[in-house]
Amino acid sequence: MSTLEIKDLHASVETEDGPKEILRGVNLTVRAGETHAIMGPNGSGKSTLAYAVAGHPKYQVTSGEVLLDGENVLEMEVDERARAGLFLAMQYPVEVPGVSMANFLRSAATAVRGEAPKLRTWVKEVKDAMADLDISSEFADRSVNEGFSGGEKKRHEVLQLGLLNPKFAVLDETDSGLDVDALRVVSEGVNRYRASGETGVLLITHYTRILNHITPDRVHVFAGGRIVESGGPELADELERNGYQRFVQAEQKAL
Ligand code: ADP
Ligand code: MG
Ligand code: MG
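All values derive from a computational prediction rather than experimental measurement. (Residues numbered from 1 in each chain as written. Chains lettered and ligands numbered in written order. Predicted model: local features only at pLDDT ≥ 70, side-chain atom pairs only at ≥ 80, totals over all residues.)

**Student:** Hey, could you run me through the overall build of the protein chain in this one?
**Tutor:** Helices and strands together make up the secondary structure of the protein chain, namely eight helices and twelve strands. Against the compact-globule benchmark of 18 Å for 255 residues, the protein chain has a radius of gyration of 18 Å, which places it among compact chains. Structurally, the protein chain occupies a C-alpha span of about 60 × 40 × 40 Å along its principal axes. By residue count, 36% of the 255 residues in the protein chain fall in the buried class. (Helix = DSSP H or I, 4+ residues; strand = E, 2+ residues; numbered from the N terminus. Rg over C-alpha atoms; globule rule 2.2 N^0.38 Å. Buried ≥ 20, exposed ≤ 12 C-beta atoms within 10 Å, placed from the backbone.)

**Student:** Whenever I open this one, the site of ligand 1 confuses me. Can you help?
**Tutor:** Around ligand 1, the surrounding shell holds 13 residues, and the nearest of these are Thr 15, Gly 43, Lys 46, Ser 47 and Thr 48. When contributions to the shell around ligand 1 are tallied by element, the ones reaching two or more residues are strand S1 (3-15), strand S2 (18-31) and helix H1 (46-54). The greatest single-element share of the shell around ligand 1, amounting to three residues, is contributed by H1. When its residues are assigned to classes, the shell around ligand 1 shows two nonpolar, eight polar and three charged. (Near = placed C-beta within 6 Å. Nonpolar A, V, L, I, M, F, W, Y, C, P; charged D, E, K, R; others polar.)

**Student:** Mind showing me how you'd approach the packing of helix H4 (residues 119-132) against helix H5 (residues 150-164) here?
**Tutor:** How two helices sit against one another is set out by the angle between their axes and by the gap between those axes. Where H4 meets H5, the closest approach of the two axes is 10 Å, and the angle between their N-to-C directions is 135°. Relative to H5, the element H4 is oriented oblique. Relative to H5, the crossing made by H4 is right-handed. Contacts between H4 and H5 pair Glu 125, Val 126, Ala 129 and Met 130 from the former with Leu 159, Gly 162 and Leu 163 from the latter. (Axes fitted to C-alpha atoms, helices over the stretch in contact; angles between N-to-C directions. Parallel < 35°, antiparallel > 145°, perpendicular 65-115°, else oblique. Left-handed = near helix turned anticlockwise from the far one by under 90°. Contact = placed C-beta atoms within 7 Å.)

**Student:** Mind showing me how you'd approach the confidence of the model for the protein chain here?
**Tutor:** Segments scoring low in pLDDT should not have their predicted coordinates read at a detailed level. Taken as a whole, the protein chain shows an average pLDDT of 90; of its residues, 98% reach a score of 70 or greater. Model confidence for the complex is summarised by a pTM of 0.91, with the ipTM given as 0.93. (pLDDT = per-residue confidence, 0-100.)

**Student:** I keep staring at the sheet that holds strand S6 (residues 86-89) and nothing clicks. Help me out?
**Tutor:** Where strands meet in a sheet, backbone hydrogen bonds hold them as pairs that are either parallel or antiparallel. If you walk across this open sheet you meet the six strands as S6-S9-S10-S3-S11-S12, and the pairing is mixed. With partners counted over all chains shown, the strands left at the sheet margins are S6 and strand S12 (226-231), one partner each. Ignoring strand direction, the axes of neighbouring strands in this sheet form an average angle of 20°. Of the strand pairs in this sheet, strand S11 (residues 218-223) and S12 are connected by five bridges, and their pairing is antiparallel. Across the sheet, the residue bridging to Ala 223 is Arg 226, located in S12. (Pairing = 2+ DSSP bridges.)

**Student:** Help me understand the packing of helix H3 (residues 101-113) against H5, please; the structure alone is not making it clear to me.
**Tutor:** The contact between H3 and H5 brings their axes to 10 Å, and the two run at 40°. It follows that H3 is oblique to H5 by the angle criterion. Seen from above, H3 lies across H5 with right-handed handedness. For the pair H3 and H5, the contacting residues are Leu 105, Ala 108, Ala 109 and Val 112 in the first and Gln 160, Leu 163 and Leu 164 in the second. Residues of the contact of H3 with H5, tallied by class, amount to six nonpolar, one polar and no charged.

**Student:** Please explain the nonpolar core as it appears in this structure.
**Tutor:** The nonpolar side chains of a soluble globular protein tend to be buried with one another. If you look at the biggest cluster of nonpolar residues, it comprises 58 residues, and the most contacted ones within it are Met 39, Ala 52, Val 53, Phe 168, Ala 169, Val 170 and Leu 202. Setting aside residues up to four positions removed in sequence, Leu 202 forms contacts with Val 30, His 36, Ile 38, Phe 168 and Val 170. (Core = buried A, V, L, I, M, F, W, Y, C linked by C-beta atoms within 7 Å.)

**Student:** What should I look at first to understand the environment of Val 99 in this one?
**Tutor:** Mapped onto the elements, Val 99 comes out in strand S7 (residues 96-100). Residue classification places Val 99 among the partly exposed positions, given that 15 C-beta atoms sit within 10 Å. Once the C-alpha coordinates of Val 99 and Val 144 are considered, the two residues, 45 residues apart in sequence, prove to be 6.1 Å apart. Apart from residues lying up to four places away in sequence, Val 99 is in contact with Phe 104, Ser 143 and Val 144.

**Student:** Which parts of the structure should I look at to understand helix H7 (residues 234-242)?
**Tutor:** Note that an α-helix has 3.6 residues per turn; residues three or four places apart therefore point the same way. Taken together, the buried positions of H7 are occupied by Leu 235, Ala 236 and Leu 239. Projected down its long axis, H7 carries its buried residues within an arc of 100°, all on one side. Exposed side of H7, more than 90 degrees from the buried face: Glu 234, Arg 241 and Asn 242 are the residues found there. Turning to H7, the residues buried within the fold contact strand S3 (35-39), S11 and S12. Where H7 ends, the next residue or the one after it, Gly 243, has phi of about 70°, a positive value. (Arc of directions from axis to C-beta.)

Shown next as structure tokens:
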């Protein structure tokens, strides 16, 4: 069984005034088959956690570890992270003009699998996965994320998730900008991916509404750059009722 371990992770973001510490000791273990939700107010550092794990150049890990089955993820190049089985969907996906979705997905699958998927079976695989997500077939010919609506970008992320079948997926604000129908389709996609029971999901979100569709095993409250409370799905219900205020106040007092 695979395990993703984040140990006492500290990270800074590069700003105009120099580095600014955002993550202040994040500890988290996700096992294959588990879904963990990370919830917190805007600006608490949730995306920074995703970027730090992804290896985004603007985010410097200053101490701590990220281990995938004991292997140090932080020493890997970004493409090695993908090959090792990590999938990181970003809050603001990049546009890649001139590269069609079909080609992009095939290159991504080649990078992860170590060999190019056979063209005939691949075309069918992609078509089926697109149909599952109510994505129209013309989408395959469009440039990656160029002119995509918010909902289309999110569907694209979940399409990749299904096709690449990583060990662990970090999904940052997969629910943002989705209407009710798109939220349901995207959530069903994530649930299909989870159904094997062999994969782990770290679902980062500000709102509780996606958790009505995707039931997490654990919920962690993120405030001031670290996890300040953990619990079961009922913790999300409490956040829905009472918001983040008590956690933010406790963090401010502690500083
Ligand atoms: P969240 O995803 O929880 O809303 P972020 O990780 O995006 O939080 O941001 C955490 C803090 O780091 C915020 O105070 C934000 O302003 C700051 N921050 C993040 N990225 C940058 C950046 N590129 N430059 C300057 N400040 C940043
Ligand atoms: Mg933010
Ligand atoms: Mg964010």
